[in-house]
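The primary structure of each chain is shown beneath.
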Amino acid sequence: MADDELLAFRKSWKRELTDKNEDKTQTVRIETAICSKSKSTSTLNQGGEGDAKCVAESNDEPKYVSIASGLLDGRTSPLLERIQEERTRRKRQYHRTTDTYRVSSQHPQKKASKGEKLVDLLIQDLNELNDIPFFDIELPYELALKIFQYLDFAELGRCAQVSKAWAQLAEDGVLWYRLCLKAGYQLDASVCDSPCWKSTLRDCLSSHNTVRSNWKSRVGSIVQLQYELGKVLCDVSSCDNFVLAGYTSGDVRLWDTLHWDASASYLKANSLSANTEPRPQVTHVQVSSTLAAAAYQDGCVDVWSTQTGGQPIHHYQSAGGGLQALTLSTDSSTLASASGRRVRLDHCDDHGYWRSGCSSQLPQPVDSLLLVPDRPPGRPLAAAVAGDSVYLLDPREAVEPHVLHSVYGHPVTCLAASSSQLALGVKSSGWAMHDGGNKIQVYSLETRQSVVRVGTSEGDFTCIHLSHPHLLACGNKDRRVRLFDLRSGSSVVSLYAHHLGVTAVQADDWKIVSGGDEGLVCVWDSRAGAKLWEMHNRHPVRHVRFQGSMLVTANIPDEKTPRGACITDDDLTAHRRHRGVISRYDFSEDATAQDHILPICRSNYAESHGYNYNIGLAVPYDTLRGAYPAY
């Protein structure tokens, strides 16, 4: 209860007790007057007996009765003392705002009446059941819990050391459950799923710190996702635990890194492409948590389910021949493809039927295409780059696409999107080169207006990643990786990353992973601006994606049919040189277990053969057979 409510409650109780005492005082006055009148009219013997009876009654009466009798007899000193004591007590109570019971225990006062004791005991019992002491006031438990929910786990730990009542409040499971959700752990769990959410959060933070340490020290395992001989890698896509790859032979392979023996690993092509000789090679692949899509050189597009695999669940033929771009939404069943100047959007309804939602014709051929992530169900939004313009395609709006950006003579070199923003690299030419060089324009998808412009580089921007609501990572042909703060438009860090141009980049709150044309994969600490480690392969890095403790990289050769090389025979060396590589790194706690690390990586440096970069990391060895598992 608040202090004013407590005082009002006391006053109301005291007022009721005072009214009852006044009624009793009037009754006593009448009885005393009758007793004194009988004494004056009775005989001496009768008077003696009456005096003795009155004295006996006065001994059994309360103190206020004796005070009233004293007033009738002309004695006022007891009443004055009583009034003085009451004034002193009320002054002390008024000047002290701390708890009444604590003050009364530290500074004992005069003995209170029986009615005041009952009021104090009642309020004390109520406070012990429902209230939490906040030094000068007492709050209900629910209100105190509402205040504590704005504290983080470190502040809750400090509050738990204040008192037992605060410790009980700081250990409440609802508070720690909300902290788990705020930190991004156990998002699908309810408050009843864990008996102790504080321990759950502690375990999650410990595991997160272990994974970060493994990332920095390059401690973990690596697996190369191999297929069969005679197949050169064309394109790679990954999402969650799925990795999808397309080959020059027309084969499409899907890996589930959680269940390596899943039946959906082998995907069959449509009958038209499967019966064509020679089979057209795969040009684009895309995968999400539920769907996998592939586009072939003849313009056919196949869509599979990642749960069942096997035959395609959707297939269509592009009218304009080969496709320039293919993209798949990560959170909905929406597929977008571009052939020439035409952009097509297909989506799956609630009954499992695929329908064409939008088909638009752009003024110029499409260079790149993407779908904006985290859109509401049934409201897809696509962004297409055609020359020096960027268009937004919304099936709910008019047939004509919306022009988001267009500057004549300044082509767009790369594109990236988040749920609320769209970033694009613009190549400057002519007089614009004197204005700081090439730039990155960031647009708001809500207002469709330019928000900020960052970057000043003479080289072309080749890749962009919106890693954080306020951070943007990009790669450039000038061999640098840059990180910008979109709130201020300033550069956070600029790293000389690769010997050739940067081809792929991704970043989070503390690290950056980049890939270059020379085949180098580099991991950087963005806060320290230092390189943590690197891995090399002969082909350019075209795909980089990490999530949690997993990292997937793909080195895809530019030449799909190398001259003078026979890749259809059993020559492992020649095939390895030209095929391309998909690598999956695992930096989780389980990957550091002794039985998870490959035998070659558990060897010591005294051995006469073999080499390694880190004793806890499994790396590929070209001259040693069985050094790593192949899937």
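Predicted, not measured: the structure shown is a model, and the values here were computed from it.

1. Observations regarding the overall build of the protein chain
Helices and strands together make up the secondary structure of the protein chain, namely 13 helices and 34 strands. By residue count, 44% of the 631 residues in the protein chain fall in the buried class. Considering only intrachain contacts with a sequence separation of at least 6, the fraction spanning at least 24 residues in the protein chain is 46%. Roughly 34100 Å² of accessible area belongs to the protein chain as shown, and the carbon and sulfur atoms make up 51% of that amount.

2. Notes on unusual backbone geometry
Of note in this structure, Arg-218 is not a glycine but carries a positive phi near 55°. Its place among the elements puts Arg-218 in the loop between helix 11 (197-217) and strand 3 (221-224).

3. Some words on the sheet that holds strand 33 (residues 550-555)
Overall, antiparallel pairing links the four strands, which are arranged 3-34-33-32 in an open sheet. The open sheet has two edge strands, strand 3 and strand 32 (541-547), and neither has a second partner. For this sheet, the mean angle separating the axes of adjacent strands, direction not counted, is 15°. By the bridge criterion, four bridges tie strand 3 to strand 34 (residues 581-586) in an arrangement that is antiparallel. Looking at strand 34, one finds that Gln-224 is bridged to Ser-583.

4. Looking at the confidence of the model for the protein chain
Of the residues in the protein chain, 68% have a pLDDT of 70 or more, and the chain-wide mean is 77. Counting contacts from residues 37-59, a segment whose pLDDT is below 50, to residues more than four positions away or on other chains yields three contacts. When the criterion is pLDDT under 50, residues 97-111 qualifies, and its contacts beyond four places in sequence or with other chains add up to 17 contacts.

5. Here we look at the environment of Thr-334
Residue placement: Thr-334 occurs in strand 13 (residues 334-339). Considered as a pair, Thr-334 and His-347 are 13 residues apart in the sequence and their alpha carbons are 4.3 Å apart. Those residues in contact with Thr-334, other than ones at most four positions away along the chain, are Thr-327, Leu-328, Ser-329, Asp-346, His-347, Leu-371 and Pro-380.

6. Some points on the sheet that holds strand 12 (residues 325-328)
Within the open sheet, the four strands sit side by side as 12-13-14-15. Their pairing is antiparallel. Every interior strand has two partners, whereas the edge strands, strand 12 and strand 15 (354-361), have only one. Within this sheet the neighbouring strands show an average axis-to-axis angle of 15°, counted without direction. Where strand 14 (residues 342-348) and strand 15 come together, seven bridges link them in antiparallel fashion. Paired with Arg-344 across the two strands is Ser-359, which belongs to strand 15.

7. As for the packing of aromatic side chains
Taken as a whole and assessed by the stated rule, the structure comprises seven aromatic pairs. Centre to centre, the rings of Trp-215 and Phe-587 are 4.5 Å apart; their planes meet at 35°, and the pair counts as tilted. Pair noted here: Trp-215 is in helix 11 and Phe-587 is in the segment after strand 34, with a separation of 372 residues, a long-range link. Classification of Trp-215 by relative accessible area gives buried; the value is 1%.

8. Overview of the nonpolar core
The biggest cluster of nonpolar side chains holds 18 residues, and the ones touching the most others in it are Phe-148, Leu-156, Trp-176, Trp-197 and Leu-201. Listing elements by their share of this core, those giving two or more residues are helix 7 (141-148), helix 8 (153-159), helix 9 (164-170), helix 10 (173-183) and helix 11. Looking at which element gives the most residues to this core, the answer is helix 10, with five residues. Membership of the second largest hydrophobic core comes to 16 residues, among which are Trp-510, Val-541, Leu-551 and Phe-587.

9. Concerning helix 10
Of all the residues in helix 10, the buried ones are Leu-175, Trp-176, Tyr-177, Leu-179 and Cys-180. Among the structural elements, helix 7, helix 8, helix 9 and helix 11 are those in contact with the buried residues of helix 10. Structurally, the start of helix 10 carries an N-cap: the backbone nitrogen of Val-174 is 2.9 Å from a side-chain oxygen of Asp-172. Backbone geometry just downstream of helix 10 places Gly-184 in the positive-phi region, at approximately 90°.

10. Re the packing of helix 10 against helix 11
The N-to-C vectors of helix 10 and helix 11 enclose an angle of 25°; their axes lie 8 Å apart at closest approach. Classified by the angle their axes make, helix 10 and helix 11 are roughly parallel. When the axes of helix 10 and helix 11 are compared, the crossing they make is left-handed. Every residue of helix 11 that contacts helix 10 at Gly-173, Trp-176, Tyr-177, Leu-179, Cys-180 and Ala-183 is listed here: Trp-197, Lys-198 and Leu-201. Partitioned by chemical class, the residues of the contact of helix 10 with helix 11 number seven nonpolar, one polar and one charged.

11. Some points on the environment of Tyr-177
Looking at the element boundaries, Tyr-177 is found in helix 10. In this structure the C-alpha to C-alpha distance between Tyr-177 and Lys-198, which are 21 residues apart in sequence, comes to 7.7 Å. When neighbours within four sequence positions are excluded, Tyr-177 is seen to be in contact with Ala-189, Ser-190, Val-191 and Trp-197.

12. Quick notes on the pattern of salt bridges
Summed over the entire model, instances satisfying the criterion amount to 13 salt bridges. With a closest N to O distance of 3.8 Å, Lys-231 and Asp-251 form a salt bridge. Here Lys-231, found in the loop between strand 3 and strand 4 (233-239), pairs with Asp-251, found in the loop between strand 5 (242-247) and strand 6 (252-256); they are 20 residues apart in sequence, far enough to count as distant. Asp-460 is paired through a salt bridge with Lys-427; the nearest N and O atoms lie 3.6 Å apart. Taken as a pair, Asp-460 in the loop between strand 23 (450-457) and strand 24 (461-468) and Lys-427 in the loop between strand 21 (421-426) and strand 22 (438-444) lie far apart in primary sequence, 33 residues in all. Classification of Asp-460 by relative accessible area gives buried; the value is 14%. The network of salt bridges with common partners includes Lys-231, Asp-251 and Arg-279.

13. Regarding the environment of Leu-225
Mapped onto the elements, Leu-225 comes out in the loop between strand 3 and strand 4. Each C-alpha atom of the pair Leu-225 and Val-581 lies 7.4 Å from the other, and the pair is 356 residues apart in sequence.

Procedures and definitions
Residues numbered from 1 in each chain as written. Predicted model: local features only at pLDDT ≥ 70, side-chain atom pairs only at ≥ 80, totals over all residues. Heavy atoms only, no water. Helix = DSSP H or I, 4+ residues; strand = E, 2+ residues; numbered from the N terminus. Buried < 20%, exposed > 50% of the residue type's maximum accessible area, 1.4 Å probe, protein only. Contact = heavy atoms within 4.5 Å. Areas by Shrake-Rupley, 256 points an atom, 1.4 Å probe, with all protein chains shown as cover. Pairing = 2+ DSSP bridges. Axes fitted to C-alpha atoms, helices over the stretch in contact; angles between N-to-C directions. pLDDT = per-residue confidence, 0-100. Phe/Tyr/Trp six-rings, centres within 6.5 Å; stacked < 30°, edge-to-face > 60°. Core = buried A, V, L, I, M, F, W, Y, C linked by side-chain atoms within 4.5 Å. Polar contact = N/O pair within 3.5 Å; in protein donor to acceptor, adjacent residues only side chain to side chain. Parallel < 35°, antiparallel > 145°, perpendicular 65-115°, else oblique. Left-handed = near helix turned anticlockwise from the far one by under 90°. Nonpolar A, V, L, I, M, F, W, Y, C, P; charged D, E, K, R; others polar. Salt bridge = Lys/Arg side-chain N within 4 Å of Asp/Glu carboxyl O.

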